[in-house]
Amino acid sequence: MTPVKALGYIGCSISDSKAWEKLMFEVFALQKRNDSPKKTLQYRIDDNHHRLSLYKSSQDKLDYIGWEVETQDELDDFAADLKDKGVKITHADSKLKAERAVMDLYIIEGPDGVQNEIFFGPVQDYVPFNQADGRSGFNTEDLGMGHVVLASANRESTLDWYQNILGLTLSDHIYWDGIEATFMHCNPRHHSLAIMNTVGPMKNGDLGHFMLEANSADDVGRAYDVVEEKKYPVAFTYGKHTNDLTTSFYLYTPSNWLIEYGYGGTLIDDEIWEPKLYNSPKIWGHNHQLPPEANEDAAARK
Ligand SMILES: [Fe+2]
């Protein structure tokens, strides 16, 4: 089996679409596609048709994670291999492929009920991506969309599934303050997926955060200026990670997960990389801030 090559896209249900639209525009200089399907906000972050889908809903939850493979043959082999292993796999119909904007797609139920999708051939938009506010875009292409962090009470078996079924490779671990997080990669980006234990209110399969990597440190700094000026709720202040050396900050989103925006993540060369265990996620900064009173904060931004 050829491993997946990149995190391609994610989809989430959201209960407050107006707040999400405002956040995406003001902090990340992103606007939803004008042709987004009904009750959906689709966001481009590069030349792909879209990589983030937010579905208007009464709840907030991760709906699916999409993983890209290189060729149709690889996708077909992947599906055949999983069937041989007895993994339940569903071939998407044309309507779903069109909605995801890919040439072909299979759906697998992953650990903790998380829907994983394996796809080939993301639609490239004929209009080049041009981020607003003079921003320099996102570090994607062969590295994929960014990364996601999921919570799991069965970390060992969950890690095992992503490594043995999808073919992800161990990057390293960080254990601190009762939290255990393990990071995995499928291309040189330090991690496309991390699995942490369930802490606080987090339940099995919950999305902890997703991360977008800017092409410029200045983009992240300018976004942080906006966050301070407009009083967006910071979850972790500007800081630098121990393992992937990204400088980033985290915001509370209008949903029950965080979003990380950063720059300068290290790249892994599998020939020389040695997984390590760190005792802190931060070299400096990344100071945790308590969740704000949601209503106060929303009022302050009006
Ligand atoms: Fe992260």
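Look above for the structure.
Residues numbered from 1 in each chain as written. Predicted model: local features only at pLDDT ≥ 70, side-chain atom pairs only at ≥ 80, totals over all residues. Heavy atoms only, no water.

Participant: Looking at this structure, I do not really get the packing of aromatic side chains. What am I missing?
Facilitator: The relation between two aromatic rings is expressed through the spacing of the ring centres and the mutual angle of the planes. In total, this model carries 13 aromatic pairs according to the counting rule given. Relative to Tyr 261, the ring of Phe 138 lies with its centre 6.2 Å away and its plane at 50 degrees, an arrangement referred to as tilted. Here Tyr 261 lies in strand E15 (residues 258-263) and Phe 138 lies in the loop between strand E7 (115-122) and strand E8 (147-151), a separation of 123 residues in the sequence. Judged by centre distance (5.1 Å) and plane angle (70 degrees), the ring pair of Phe 236 and Tyr 250 falls under edge-to-face. Taken as a pair, Phe 236 in strand E13 (residues 234-241) and Tyr 250 in strand E14 (residues 247-252) lie far apart in primary sequence, 14 residues in all. Chaining the aromatic ring pairs together yields one cluster made of Phe 28, Phe 129, Phe 138, Tyr 224, Tyr 238, Phe 249, Tyr 261 and Trp 284. One Lys or Arg, Arg 100, reaches over the ring of Tyr 64 and ends 3.6 Å from the middle of that ring. (Phe/Tyr/Trp six-rings, centres within 6.5 Å; stacked < 30°, edge-to-face > 60°. Helix = DSSP H or I, 4+ residues; strand = E, 2+ residues; numbered from the N terminus. Lys NZ or Arg CZ within 6 Å of the ring centre and 35° of its normal.)

Participant: Where do I start with the coordination of the iron ion in this structure?
Facilitator: Six octahedral donors at a metal ideally form angles of 90 or 180 degrees, and four tetrahedral donors ideally form angles of 109.5 degrees. Coordination of the iron ion by the protein is provided by His 147 (NE2), His 209 (NE2) and Glu 260 (OE), with metal-donor distances spanning 2.0 to 2.2 Å. The motif formed by the donor residues of the iron ion, counted along the single chain, is H-x61-H-x50-E. Taken as a pair, His 209 in strand E12 (residues 207-213) and Glu 260 in strand E15 lie far apart in primary sequence, 51 residues in all. Like Glu 260, His 209 is buried. (Donors = N, O, S within 2.8 Å, 3.2 Å for Na, K, Ca; no water. Buried < 20%, exposed > 50% of the residue type's maximum accessible area, 1.4 Å probe, protein only.)

Participant: Hey, could you run me through the sheet that holds strand E5 (residues 89-91) in this one?
Facilitator: Each strand in a sheet pairs with its neighbour through backbone hydrogen bonds, running either in the same direction (parallel) or in the opposite one (antiparallel). The strand order E2-E3-E1-E4-E7-E6-E5 describes an open sheet built from seven strands, whose pairing is mixed. Looking at which strands have only one partner, the edges of the open sheet turn out to be strand E2 (40-43) and E5. Each strand of the sheet is rotated relative to its neighbour by a mean of 20 degrees, with strand direction disregarded. Two strands pair when backbone bridges link them, and E5 and strand E6 (residues 102-109) are joined in this way by three bridges, in the antiparallel orientation. Each bridged residue has a counterpart across the sheet, and for Thr 90 the counterpart in E6 is Ile 107. Against the sheet, helix H1 (residues 17-26) makes contact with strand E1 (6-14), E2 and strand E3 (52-56), and its axis sits at roughly 15 degrees relative to E2, the strand it touches most. (Pairing = 2+ DSSP bridges. Axes fitted to C-alpha atoms, helices over the stretch in contact; angles between N-to-C directions. Contact = heavy atoms within 4.5 Å.)

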